[in-house]
Amino acid sequence: MGSAKYLAVAAAAAILSTPSAKAADLALAPLPVIHEFSGWYLRGDIGMSNQKVDHLFNVLYLTPGTTVTNVSAGFDSGWIFGLGAGYQINNWARADITGEYRGKTNFRGLDVYTPEPANLPANVGVDDYYASKSEWLFLANFYVDLGTWWYLTPFVGAGIGFSRNTIHDFRDINIATAGLAFGADASTWNFAWALHAGVAYNVTPNHLIELAYRYVDLGDAKSGD
């Protein structure tokens, strides 16, 4: 939801004259008056996530002498649904508060490790991780609108807030030892921040559609024991 702007143009003054008036006597129409709009607005968001994993960690890797190599780690895409309310400060600045649910996305990761002392076949083990993750994200955002051309308004912004990250259905398969472990569902609250960039299209003076990209740091997520 971008900024909402109203453009009010004063009606051109009528040119009045008497039958005896000369051309030089005609009054000039006043220049249009542009009124800057400010006020409250509501927004709704729908989109897709493209999450990336910063790193994986297992407390068992703290065992002295153990070396670990991460082979892969990643998420599928997932749906995002959000609502918010904000205030248009002027034609250039606005702020809002948003809350959104980020639907479950499947996760898979693979670590290969070498433990010490040697107690596994070929002295190598694996952690083949499977899980899904969902989040609730709450942000306070500030945007700068960069002007409007042909009903299009580019903007940039930033936000800070909190996320509640939940790991679902976690399991760890160790093929080398024929081992299988499950983790209970668990949620973690984290500090979160975001950067925004996009463009808004003015459908009507008080209805806009945004197409935007957002980078979000959601913090960490942990499985249960």
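This text follows the structure it describes.
Here's what I pulled together on the structure shown here.

Parameters and conventions
- Residues numbered from 1 in each chain as written.
- Predicted model: local features only at pLDDT ≥ 70, side-chain atom pairs only at ≥ 80, totals over all residues.
- Heavy atoms only, no water.
- Pairing = 2+ DSSP bridges.
- Helix = DSSP H or I, 4+ residues; strand = E, 2+ residues; numbered from the N terminus.
- Contact = heavy atoms within 4.5 Å.

**Some details on the pairing of strand S4 (residues 93–114)**
Bridge count for strand S2 (residues 67–75) against S4 is eight bridges, and the pairing is antiparallel. Bridge pairing in S4 links Val 68 to Tyr 113. Inspection of the sheet shows strand S3 (residues 78–88) paired to S4 by nine bridges, in the antiparallel sense. Each residue of the ladder has a partner; that of Tyr 87, found in S4, is Ala 95. Here S3 folds back onto S4 in antiparallel fashion, the turn holding four residues. Pairing analysis gives 19 bridges linking S4 to strand S5 (residues 125–145), with the strands arranged antiparallel. Directly across from Asp 111, in S5, lies its bridge partner Asp 127.

**So, the side chain of Asn 202**
Tracing the backbone through its elements, the reader meets Asn 202 in strand S8 (residues 186–204). If near-sequence neighbours (up to four positions away) are discounted, Asn 202 is found in contact with Thr 148, Tyr 151, Thr 153, His 207 and Leu 208.

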